[in-house]
Amino acid sequence: MELKKLKGFRDLLPDETPLWQYMEAKARRVLEAFGYREVRLPLLEDTALFRRSIGEATDIVEKEMYTFVDTGGNSVTLRPEGTASAVRAYLENGFARSAPKARWYYLGPMFRRERPQKGRLRQFHQIGVECFGWAEAEADAEVLTLLWDLFAAFGLSDRLRLEINTLGCSADRAAYVQTLRAHLQGLRSDLCPDCQRRIDTNPLRVLDCKKERCRQLTSDAPRITEAVCPKCSEHFARVREILDGVGLAYRVNPRMVRGLDYYNRTTFELLAEGLGAQNAVAAGGRYDGLAEALGGPPVPALGFALGMERLGLLLDPEAAPAPVPTAYWVTRGPEAAARALALRRELAARGMGSAMDLAARSFKAQMRAADRSGARFALILAEDEMASGTVTVKDLSTGNQETVAVGELISYLMGRIATPS
Ligand code: HAM
């Protein structure tokens with residue numbers, strides 16, 4: 001076949017979707033229990049939204065966005081993340097005035113033109129939360145405990161490590177960037193070409209370089225945790241105090257800088273064993289200045305997003321088995337097939353799944369398929385049943401058969417599935 005999907009894009013086939021539905025359903029349950037409500041936001045936005053929020057000198061904006069000019073001449077971009085759109089929607093729909101405190105969640109695809117590898121795709125999926133309206137450390141603690149409990153609900157606590165950091169306020173950050181830049185100038189010629197460029201464009205990113213040599217050279221670079229103002233320092237101390245109080249384990253990583261520019265104060269990453277290089281399964285932080293940067297009033301806020309592909313890699317696919325129909329129709333002759341079709345609709349209307357082969361295959365082939373399907377019952381409609389207005393119900397786990405009048409079939413099956421075989 002000539003037409004193939006794009007590199008870094010995936011088909012999620014029917015054998016994989018049960019795991020995805022399981023992830024979504026469990027996440028919804030946990031998030032809604034914490035009072036988060038779902039928002040569904042556009043996949044395509046004005047390019048300026050992402051440039052202004054994520055930052056011009058970030059990898060995402062510099063080289064990873066799917067940006068194009070539409071037929072109306074507007075520059076539009078497939079969303080590379082959800083926070084910018086969430087803040088845009090919050091402001092545009094008047095939440096800053098009408099309901100400034102809001103807890104939102106979203107799930108869906110994001111697009112970044114990165115180099116594909118295990119756990120890294122160009123279309124990937126996130127489950128994200130955004131908590132608007134609280135500047136208090138209690139909000140940071142809520143979001144962090146929620147993140148932890150979400151992964152605990154998937155049985156993954158043992159395989160995860162939470163790292164946190166503070167970036168201080170924008171003044172702290174600006175001052176730190178100057179200090180760091182001055183320090184890095186002295187190392188310039190020994191750093192990799194990317195880092196040499198970052199000294200001028202975004203020195204914080206140098207701390208995040210994966211190259212061993214750059215890491216060693218910068219090991220004694222000034223630390224941001226020591227450069228934040230007393231208020232931000234106090235905020236961070238309070239966040240840690242609450243986390244300590246509830247027994248949530250974390251490590252402070254002063255080198256952790258995030259790949260998006262909107263963060264201030266608390267930032268964090270959840271790292272997982274067994275994911276290789278792409279080991280951040282979730283990440284987030286505070287972004288108190290973002291609403292203002294997008295033209296709104298100041299709105300303190302924070303959130304996180306987890307990568308569903310990465311979460312999926314950590315889960316046992318057996319956790320979400322494929323759906324199995326309750327019954328499988330075995331019919332002989334066109335009239336029987338037509339009756340089965342009608343009864344199937346009645347069963348479906350009551351939420352009972354029944355499977356059926358639409359080709360006129362032999363009785364034996366249909367019985368074999370019924371056995372293989374995993375269905376509990378075979379529903380047999382042959383000449384005798386058609387003549388007497390009945391269905392033979394065979395329990396495939398025991399082999400027992402019973403004859404049931406067509407009109408009684410639904411209540412009979414309801415009664416049987418209420419009791420284990
Ligand atoms: P992020 O760190 O860019 O943050 O992405 C969050 C998570 O999405 C990552 O930890 C990872 O699990 C997943 N992810 C990112 N890129 C890819 C990719 N190419 N392939 C597969 N998974 C990926 C954000 O997006 C922020 N909006 C999070 C946030 C919400 N901050 C505040 N609120």
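You'll find the structure just up there.
Residues numbered from 1 in each chain as written. Predicted model: local features only at pLDDT ≥ 70, side-chain atom pairs only at ≥ 80, totals over all residues. Heavy atoms only, no water.

Remarks on the sheet that holds strand β3 (residues 66-69)
Spatially, β2-β4-β3 is the arrangement adopted by the three strands of the open sheet, whose pairing is antiparallel. One side of each edge strand has no neighbouring strand; the edge strands of this open sheet are β2 (44-46) and β3. Along the sheet, successive strands turn relative to each other by an average axial angle of 35 degrees, direction set aside. Summarising the sheet, β3 and strand β4 (residues 75-78) pair through four bridges and their orientation is antiparallel. Within β4, the position partnered with T67 by the bridge is T77. Here helix α2 (residues 47-54) sits on the sheet and contacts β2, β3 and β4; the angle it forms with β2, its principal contact strand, is near 75 degrees. (Pairing = 2+ DSSP bridges. Helix = DSSP H or I, 4+ residues; strand = E, 2+ residues; numbered from the N terminus. Axes fitted to C-alpha atoms, helices over the stretch in contact; angles between N-to-C directions. Contact = heavy atoms within 4.5 Å.)

A word on the site of the ligand
Neighbouring the ligand are 28 residues, the closest being E81, E114, E130, R258 and Y263. The separation between an oxygen atom of the ligand and a polar main-chain atom of G307 is 3.2 Å. Relative to its unbound accessible area of 660 Å², the ligand is 96% covered by the protein chains. Of all the secondary-structure elements, those providing two or more residues to the shell around the ligand are β6 (123-132), β10 (280-286) and β11 (301-307). Tallying contributions element by element places β10 first for the shell around the ligand, with six residues. Split by residue class, the shell around the ligand holds 14 nonpolar, seven polar and seven charged. (Near = heavy atom within 4 Å. Polar contact = N/O pair within 3.5 Å; in protein donor to acceptor, adjacent residues only side chain to side chain. Areas by Shrake-Rupley, 256 points an atom, 1.4 Å probe, with all protein chains shown as cover. Nonpolar A, V, L, I, M, F, W, Y, C, P; charged D, E, K, R; others polar.)

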